[in-house]
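Coordinate analysis (summary)
What follows is each chain in one-letter form.
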Amino acid sequence: MKEQNHDVSNEEVKEIVKFWYSLFPEVKDEQEVSELLKCISHKTEEDYVKQYNELDAKKDTYIDLIFESLNQIDSKDKLEIEQVLVELHKNCKWSYFYEPVLCMIYIELKEAIDYCSLIENKKKFLIICLEQLIQKMVNVSYRTILQEVALTKEEGKLEGENVEERITYFDDVLLKNSTYIIDTYKSYSELIRILELIAENTTRFIKKVLNETEEKIDLLNQTFASDQDFGGLLSLELDKGDTHNHGSSVCKLEFSHQTLIYKPRTLGMEYRYNQLLH
């Protein structure tokens, strides 16, 4: 893994401007790129360089704070998280890469599930939610992880006689190495910030769905359940439509007797239109 923490030099600024210049063939010269930049954002290249260097200097502190917060987790909770990760690792690629991010939301998500009386098997439901959260993070980060696999191979850090063995070594050994994970997080601090945001938004949305469903379950049974009520809540499937408004999306709640589709917005307009038609 290559160290990425350094101040941007004037020569690098020129290379960056050249790169942007190449993306816009209609622009006459590099000076026009600078003028457009200043016109649109009211900032110069030097302003952006200064901003980048300031953020770059803070990124290690940000990552250190993440790992310091993990050290404050109760030993009982740590053991439980480790057991859950073993279960997640059976189906989720690179799950140990996301461990620090998962730890940040684990207790909040688990408590929300524990407090929901509708859920039939709370441990299984927790695993289902975490698997979907990991998949969300994989979708954002898989290119970076593949790049990291290539870098560790170049540096001779991957052990194994073939590709499969080396990938297994990366997944089961390197991703469990705390020093390697900390260094990797510091190299990709902006990615980690995005993953943290995804985890927080997803957790907040799951809590909202569970709370609102539990509050309205009697009304839902009266409205939709004819012969028998919905029964226990078995699973929650996220992202059944476009994601918007800080991680909200259409999702499917599978009960033991019924299936419920949750939309994160009011259906008042559709309801009134249906009344008009009938």
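Just so you know, these numbers come straight off a predicted model, no measurement behind them. (Residues numbered from 1 in each chain as written. Predicted model: local features only at pLDDT ≥ 70, side-chain atom pairs only at ≥ 80, totals over all residues. Heavy atoms only, no water.)

**A look at the packing of helix H3 (residues 45-71) against helix H8 (residues 178-187)**
Two measures define how a pair of helices packs: the angle their axes make with one another and the distance between the axes. The N-to-C vectors of H3 and H8 enclose an angle of 140°; their axes lie 9 Å apart at closest approach. Classified by the interaxial angle, the pair formed by H3 and H8 is oblique. Both H3 and H8 take part in a crossing whose hand is right-handed. Counted together, Lys59, Asp60, Ile63, Asp64 and Phe67 of H3 and Ile181, Ile182, Tyr185, Lys186 and Ser187 of H8 form the full contact between these two elements. (Axes fitted to C-alpha atoms, helices over the stretch in contact; angles between N-to-C directions. Helix = DSSP H or I, 4+ residues; strand = E, 2+ residues; numbered from the N terminus. Parallel < 35°, antiparallel > 145°, perpendicular 65-115°, else oblique. Left-handed = near helix turned anticlockwise from the far one by under 90°. Contact = heavy atoms within 4.5 Å.)

**Quick word on the pairing of strand S3 (residues 259-262)**
The alternating pattern of S3 places Leu260 and Tyr262 on a buried face and Thr259 and Ile261 on a face that is not buried. Relative to S3, strand S2 (residues 251-255) runs antiparallel, the two sharing four bridges. The residue of S3 that forms the bridge with Cys251 is Tyr262. In this antiparallel pair of consecutive strands, S2 and S3, the connection spans three residues. (Buried < 20%, exposed > 50% of the residue type's maximum accessible area, 1.4 Å probe, protein only. Pairing = 2+ DSSP bridges.)

**Re helix H2 (residues 30-41)**
With 12 residues, H2 extends 17 Å from end C-alpha to end C-alpha; this agrees with the ideal 16 Å at 1.5 Å per step. Phi for His42, located one or two positions after H2, is positive at around 60°. (Expected span 1.5 Å × (residues − 1).)

**Some points on a nonpolar patch on the surface**
A contiguous nonpolar patch, built from Ile16, Phe19, Trp20, Leu23 and Phe24 and spanning about 490 Å² of accessible area, is present on the exposed surface. For Phe24, the location among the structural elements is in the loop between helix H1 (10-23) and H2. With a relative accessible area of 36%, Phe24 lands in the partly exposed category. (Patch = residues over 30% accessible without salt bridge, like charges linked within 9 Å, V, L, I, M, F, W, Y side chains within 5 Å. Areas by Shrake-Rupley, 256 points an atom, 1.4 Å probe, with all protein chains shown as cover. Salt bridge = Lys/Arg side-chain N within 4 Å of Asp/Glu carboxyl O.)

**Considering the confidence of the model for the chain**
The share of residues in the chain with pLDDT of 70 or more is 90%, and the mean pLDDT across the chain is 85. Highest mean pLDDT in the chain belongs to strand S1 (residues 233-237) (95); lowest belongs to helix H10 (residues 268-277) (65). Contacts from residues 1-5, a stretch scored under 50 in pLDDT, to residues over four places away or in other chains number 18 contacts. (pLDDT = per-residue confidence, 0-100.)

**What about the side chain of Thr213?**
Examined against the element boundaries, Thr213 turns out to sit in helix H9 (residues 189-224). The exposure class assigned to Thr213 is buried, which follows from its relative accessible area of 4%. With sequence-adjacent residues up to four places away left out, Thr213 is seen in contact with Leu118, Leu220, Leu253, Phe255 and Leu260.

**Details of unusual backbone geometry**
A negative phi angle is the norm for most residues apart from glycine, just as the trans form is the norm for most peptide bonds. One non-glycine residue with positive phi stands out, namely His42, at about 60°. For His42, the position within the fold is in the loop between H2 and H3. Judged by relative accessible area, which is 68%, His42 ranks as exposed. If you check the backbone angles, Trp94 has positive phi at about 65° while not being a glycine. Here Trp94 is to be found in the loop between helix H4 (75-89) and helix H5 (99-115).

**What about the packing of aromatic side chains?**
Within the structure shown, the criterion is met by six aromatic pairs. Taking the centre distance of 5.2 Å and the plane angle of 90° together, the rings of Phe97 and Tyr98 count as edge-to-face. The class of Phe97 is buried, set by a relative accessible area of 4%. Measuring from centroid to centroid gives 5.5 Å for Phe97 and Tyr185, while their planes differ by 55°, and the two rings are tilted. Placement of Phe97 in the loop between H4 and H5 and of Tyr185 in helix H8 is noted, with a sequence separation of 88 residues between them. The residues Phe97 and Tyr185 share a single accessibility class, namely buried. Aromatic ring contacts, followed pair by pair, group Phe67, Phe97, Tyr98 and Tyr185 into a single cluster. For the cation-ring pair, Lys93 lies above Trp94, with the distance from its terminal atom to the ring centre recorded as 5.3 Å. (Phe/Tyr/Trp six-rings, centres within 6.5 Å; stacked < 30°, edge-to-face > 60°. Lys NZ or Arg CZ within 6 Å of the ring centre and 35° of its normal.)

**Notes on the pattern of salt bridges**
Side chains that carry opposite charge are capable of pairing whenever their charged atoms lie near each other. This model, assessed by the stated rule, comprises nine salt bridges. The partner of Asp64 in a salt bridge is Lys186, and the shortest N-O contact between them spans 3.2 Å. In this pair, Asp64 sits in helix H3 while Lys186 sits in helix H8, placing the two residues 122 residues apart along the sequence. With a shortest N-O distance of 3.7 Å, Glu237 and Lys252 are connected by a salt bridge. With a gap of 15 residues between them, Glu237 in strand S1 and Lys252 in strand S2 connect regions that are remote in the sequence. Lys252 gets classed as partly exposed once you look at its relative accessible area, which sits at 22%. It is possible to trace a salt-bridge network through shared partners that takes in Glu80, Lys110 and Asp114.

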